[in-house]
Amino acid sequence: GRAVGWAVAGTAALVVGLVAPFFIVPWLPRHVFGALPWLPTSPRRVNALLDSLPASVVAPGRAFIDLGSGDGVAVIEAAKRGMRGVGVELNPTLVALSRVNAALSGRGVWSRTTFGVADLFRTSVDAYDVVMVFGVIPMMPRLAAKLEAELVRGTYVASHKFPLPGWDARLSHVVDDIYVYHYLPPPAVSYK
C-alpha cells in the first residue's frame with residue numbers, strides 16, 4: 001500500500017515538474033524572462049484571417065511568419081493549408097510547446113514549420129507573403145518602422161488587436177480583431 005502511494009506521488013510530481021513550465025513560464029514578467037506575456041490566439045481567429053486573404057497568397061509554397069508566435073497556433077494553421085510557416089518567439093518554453101503542437105498536428109505540418117528562439121526586431125521579414133504579429137501599443141510604432149524598411153511589395157501584414165500607426169492607407173480589412181494591411185508602396189520612379 002505504502003509503496004503504491006509513493007509511486008503515485010512520485011509520478012504526479014514528475015508530471016507536474018514536466019508540465020508546469022509550459023503554464024508558468026509564459027506569464028513570467030518581461031524583466032525576468034525578456035518576453036511579453038503570452039496571450040493565445042484561437043485557431044478559429046487565425047482561420048478567419050487566412051480565409052479573408054486571397055487564395056493565391058494562402059497557397060502551398062507561400063511563406064507565413066508569426067512574430068511572437070506563442071504556442072505556434074497561427075504557424076500551424078497556415079502550414080495545414082500548405083504554406084511554409086515560421087514562428088519567432090523569445091520564450092524557449094513556448095518554442096518547445098510549438099514544436100510539440102506541430103508534431104502532433106499531422107497532415108505534414110511538422111515538415112512545413114520552423115520555430116526558433118529569436119527577437120522579432122532582429123528577424124528579417126522580407127521573404128514572407130504574410131507577416132502576423134500580436135504586439136502591444138508601445139511597440140507598434142517601432143514595429144511599423146521595421147516593416148516599412150523590410151517588406152516587399154504585396155506582402156500582407158496581420159496585426160492582432162492593435163493597428164499599425166501611420167498605415168491607415170494600407171488597411172485592407174479587419175477580421176475578428178485582426179487588422180489586415182496590404183503593403184503596396186508606390187513604385188520607384190524612373191527618370192529617363
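Quantities reported herein were computed from a predicted structural model and do not represent experimental measurements.

Points about the pattern of salt bridges
Thought 1: Enumeration over the complete set of coordinates arrives at eight salt bridges.
Thought 2: Here aspartate 129 and arginine 62 are joined by a salt bridge, their closest N and O atoms 2.9 Å apart. Here aspartate 129 is found in the loop between strand E3 (113-117) and strand E4 (130-133), whereas its partner arginine 62 is found in the loop between helix H3 (43-52) and strand E1 (63-67), with 67 residues between them in sequence.
Thought 3: Among the residues examined, arginine 62 registers a relative accessible area of 29% and is labelled partly exposed.
Thought 4: Of the charged contacts, one joins glutamate 77 and lysine 80 as a salt bridge, the two residues approaching to 3.2 Å between their closest N and O atoms. One end of the pair, glutamate 77, and the other, lysine 80, are both in helix H4 (residues 73-80), three residues apart, so they sit about a helical turn from each other.
Thought 5: Counted as one network, the salt bridges with shared partners bring together Arg44, Arg45 and Asp176.

A closer look at the sheet that holds strand E2 (residues 84-89)
Thought 1: In spatial order, the strands read E3-E2-E1-E4-E5-E7-E6; together these seven strands make up an open sheet with mixed pairing. Single-partner strands in this sheet number two, and they are E3 and strand E6 (171-175). Neighbour-to-neighbour, the strand axes of the sheet open up by a mean angle of 15 degrees, direction not taken into account.
Thought 2: Direction of pairing for E2 relative to E3: parallel, over a ladder of five bridges. The residue bridging valine 86 from the neighbouring strand is threonine 114, located in E3.
Thought 3: Contacts between H4 and the sheet are confined to E1, E2, E3 and E4, with E1 contributing the most and set at about 170 degrees to the helix.

Scoring rules and cut-offs
- Residues numbered from 1 in each chain as written.
- Predicted model: local features only at pLDDT ≥ 70, side-chain atom pairs only at ≥ 80, totals over all residues.
- Heavy atoms only, no water.
- Salt bridge = Lys/Arg side-chain N within 4 Å of Asp/Glu carboxyl O.
- Helix = DSSP H or I, 4+ residues; strand = E, 2+ residues; numbered from the N terminus.
- Buried < 20%, exposed > 50% of the residue type's maximum accessible area, 1.4 Å probe, protein only.
- Pairing = 2+ DSSP bridges.
- Axes fitted to C-alpha atoms, helices over the stretch in contact; angles between N-to-C directions.
- Contact = heavy atoms within 4.5 Å.

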